[in-house]
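Structural overview for review
Chain by chain, the residues:
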Amino acid sequence: MSETTNNTGNDSVNPNRESLDFVRQIVADDCASGKWKGRVATRFPPEPNGYLHIGHAKSIVLNSSIAQEFGGTFNLRFDDTNPVKEEDEYVQSIMGDVKWLGADWQDRLFFGSEYFQQMYDWAVELIKKGKAYVDDLNAEQIREYRGTLTSPGKPSPYRDRTAEENLDLFERMKNGEFANGEKVLRAKIDVESNNLNMRDPVMYRILHAEHHRTGDKWCIYPMYDWAHGLEDSLEGITHSICTLEFENHRPLYDWFLDNLDGVHHPQQIEFARLNLTYTVMSKRKLLQLVTEKHVNGWDDPRMPTISGMRRRGYSPECIRSFCKTVGVAKFNSTVDVALLEHCVRAELNKTSSRYMAVLDPVKVVITNYPEGQVEYLDAVNNPEDPAAGTRQVPFGREIYIERNDFMEDAPKKFFRLSPGREVRLRYAYFVTCQDVVKDDAGNILEIHCTYDPATRGGDSPDGRKVKGTIHWVSVAENVKAQVRSYSHLFAVPDPENVEDGKTFLDNIDKDSLKVIDGVYLEPALGKLEVGTRVQFERLGYYCVDLDSTPEKPVYNLTINLRDTWAKAQKKM
RNA sequence: UGGGGAAUAGUGUAACGGCAGCACUAAUGACUCUGACUCAUUCAGUCUAGGUUCGAAUCCUAGUUCCCCAGCCA
């Protein structure tokens, strides 16, 4: 933290202040005022009941980077207060995802369940103060007594039990004397409050269930509202950052902490969750996509999950830079997925090595090139990063090029191969198309070219220019592979916006996955490790998939390169 | 019909009573051994109506629209 201006006079604005989002502004102000003695402590508190997605990443990056920027600490805490929904499998995947994203909790890994005894003791404190009571009403009755949005609730007949009776009942709840649903512990606040969360909220329910960490030690479990503030308090959190739907819960968060003696009281701050075009983000819908097999698991590269994006080839830096670009505010917005894709391209452009691959091959024979000759040509690995060095690519008399890099009756604006036209084979030679060989049906079998030996490496000594440069792979030396090409899972920007009788599933794009076999790769692409991110020149960014083997490499399309030529063609 | 929030180019986000700015998208051009990258240019905005003020996106009043809340989920 820097020495921040103290508001001594009537000039309350620091003219040198950087533009901060509203959350950082609060943190900065607190640091300036010494509210928390200069301390900043944040946390990411997932419930281990599913996989993390890009929306969670926004929260992870927000919390961890605020801690970092203000010299504070960042905790990872599992909010595991509902044993029937939670599993260790999720704990493991969440830890993996958070770590992968680069959010470092160091030795501060916590579980809400570690605090169950302390929470119980605090509940006893509230009972003794006459601020909590055991209720025998069942769930349906509680709902009826609660009233509605526009009408007040009414007190439970059990609301005025004595502290002694409540203490006894609560202990017996803990000891397992009652069945699920038979009794609950409720806070005694205000059954007529305009805020339904304050109408004597349930603090504990009875759940005879196996907890993934505490086993059968407990059969009463704290509700979110009771547990969450206590967890934050115990960990010394200063800024408890959560999403907008908890705004209505803040009075309750504060009430619990205000009514306990001598506890640390963090500030809850709410921000808008992330929405993205062309996808869905709710846990329920994501789960449905997986269980109904509309996608191939949680880590399907079309999923907005962290694991899906990782498999897709997004790097942690891609996601972090995206989260920072979208900013944080209280406006319920939907970010254009194009912004995510921009961040991915920008990051991958800087970091990924270039290679040549031909997805839709057609054979080219260079008729004046010596038969049987092979030479190895130098290729630059990454023009954005000289340190990436060079490699050698085998060249021969027969090569594959992309089918759409050739056109028989080409318009003037077509800069690629066409009868009579000269182009550059990347890192190799200038070639000129002389002839086209077709089958009886008129399909192109081979393209015959001649090359200019003087242009070896791709430069002509006479200063002659060509307009086009195309990529290629040697017929004699290559690796055959599979490529999985992805587009947005949904065909429309807002998949959840459906007419009556339809669901978001009807908006799935059935062609969002295309498996392409018979792809030719330059040899170096056959030796890369799973997860390696590369650029196929002139095509896009790709990465080695989990299913890849040395015998049969599999590459995922991460994101295509921008293609102004394709765009121009669509308009014609 | 209750309460709590939010509204700034197509999208996201700044501007803290003093020149409405940035990024993405789109379009155009330059450059180019990737029709990529990069660079340049352009299109485009304060929810509405009043008021306060020399001056309002910002303050006030009224309205409009959107989001959240009636789990023993988080």
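Here, the structure is the one placed above.
Okay, so let's go over this structure. (Residues numbered from 1 in each chain as written. Chains lettered and ligands numbered in written order. Predicted model: local features only at pLDDT ≥ 70, side-chain atom pairs only at ≥ 80, totals over all residues. Heavy atoms only, no water.)

1. Remarks on the packing of helix α4 (residues 116-128) against helix α6 (residues 163-174)
- Direction vectors running N to C along α4 and α6 enclose 160°, while the axes themselves pass 9 Å from each other. When the axis of α4 is compared with that of α6, the two are roughly antiparallel. The way α4 lies across α6 gives a crossing that is right-handed. Residue-level contacts link Tyr120, Ala123, Val124, Ile127 and Lys128 of α4 to Ala163, Asn166, Leu167, Phe170, Glu171 and Lys174 of α6.
- When grouped by side-chain class, the residues that make up the contact of α4 with α6 number seven nonpolar, one polar and three charged. (Axes fitted to C-alpha atoms, helices over the stretch in contact; angles between N-to-C directions. Helix = DSSP H or I, 4+ residues; strand = E, 2+ residues; numbered from the N terminus. Parallel < 35°, antiparallel > 145°, perpendicular 65-115°, else oblique. Left-handed = near helix turned anticlockwise from the far one by under 90°. Contact = heavy atoms within 4.5 Å. Nonpolar A, V, L, I, M, F, W, Y, C, P; charged D, E, K, R; others polar.)

2. With respect to the pairing of strand β4 (residues 132-135)
- By the alternation rule, side chains of β4 split into Ala132 and Val134 and Tyr133 and Asp135, which are all buried.
- Judged from the four bridges that link them, β4 and strand β5 (residues 184-187) form a sheet pairing that is antiparallel. In the sheet register, Val134 faces β5, and the bridge partner there is Leu185. (Buried < 20%, exposed > 50% of the residue type's maximum accessible area, 1.4 Å probe, protein only. Pairing = 2+ DSSP bridges.)

3. Regarding the side chain of Ser352
- Among the secondary structure elements, Ser352 is positioned in the loop between α12 (337-351) and β10 (353-355).
- According to the relative accessible area criterion, Ser352 is buried, its value standing at 2%.
- In terms of polar contacts, Ser352 uses its side chain to reach the backbone carbonyl oxygen of Leu348, at 2.6 Å.
- Filtering out sequence-adjacent residues up to four positions away, Ser352 remains in contact with Asn381, Asn382, Arg533, Val534, Gln535 and Tyr541. (Polar contact = N/O pair within 3.5 Å; in protein donor to acceptor, adjacent residues only side chain to side chain.)

4. Some thoughts on the nonpolar core
- Residues Ile54, Val98, Leu276, Ile319, Phe322 and Leu340 are the most contacted members of the largest nonpolar core, which totals 37 residues.
- Counting residues per element, the ones that place at least two in this core are α2 (54-69), β2 (73-78), α3 (88-100), α10 (306-312), α11 (316-326) and α12.
- When residues no more than four places from it in sequence are discounted, the contact partners of Leu276 are Ile54, Met281, Phe322, Thr334, Val335, Asp336, Val337 and Leu340. (Core = buried A, V, L, I, M, F, W, Y, C linked by side-chain atoms within 4.5 Å.)

5. Overview of the pairing of strand β14 (residues 390-396)
- Within β14, five of the seven residues are buried, which leaves it mostly tucked inside the rest of the structure.
- Strand direction decides the pairing type here: strand β13 (residues 374-380) and β14, joined by seven bridges, are antiparallel. For Leu377, the partnering residue across the bridge sits in β14 and is Val393.

6. Quick notes on the packing of aromatic side chains
- Inspection of every chain in the model, using the stated rule, returns 22 aromatic pairs.
- Geometrically, the ring pair formed by Tyr429 and Tyr451 is edge-to-face, given 4.8 Å between the ring centres and 85° between the ring planes. Of this pair, Tyr429 sits in the loop between β16 (422-425) and β17 (430-438) while Tyr451 sits in strand β18 (residues 444-451), and the two are 22 residues apart along the sequence. You'll find Tyr429 and Tyr451 in the same group, each marked buried.
- Members of the aromatic cluster, each reached through a chain of ring pairs, are Phe116, Tyr120, Phe170, Tyr204, Trp218 and Tyr221.
- Of note, Arg213 hangs over the ring of Phe111, and the distance from its end group to the ring centre comes to 3.5 Å.
- Across from the ring centre of Trp100, 5.2 Å away, lies the NZ or CZ of Arg310, which sits over that ring. (Phe/Tyr/Trp six-rings, centres within 6.5 Å; stacked < 30°, edge-to-face > 60°. Lys NZ or Arg CZ within 6 Å of the ring centre and 35° of its normal.)

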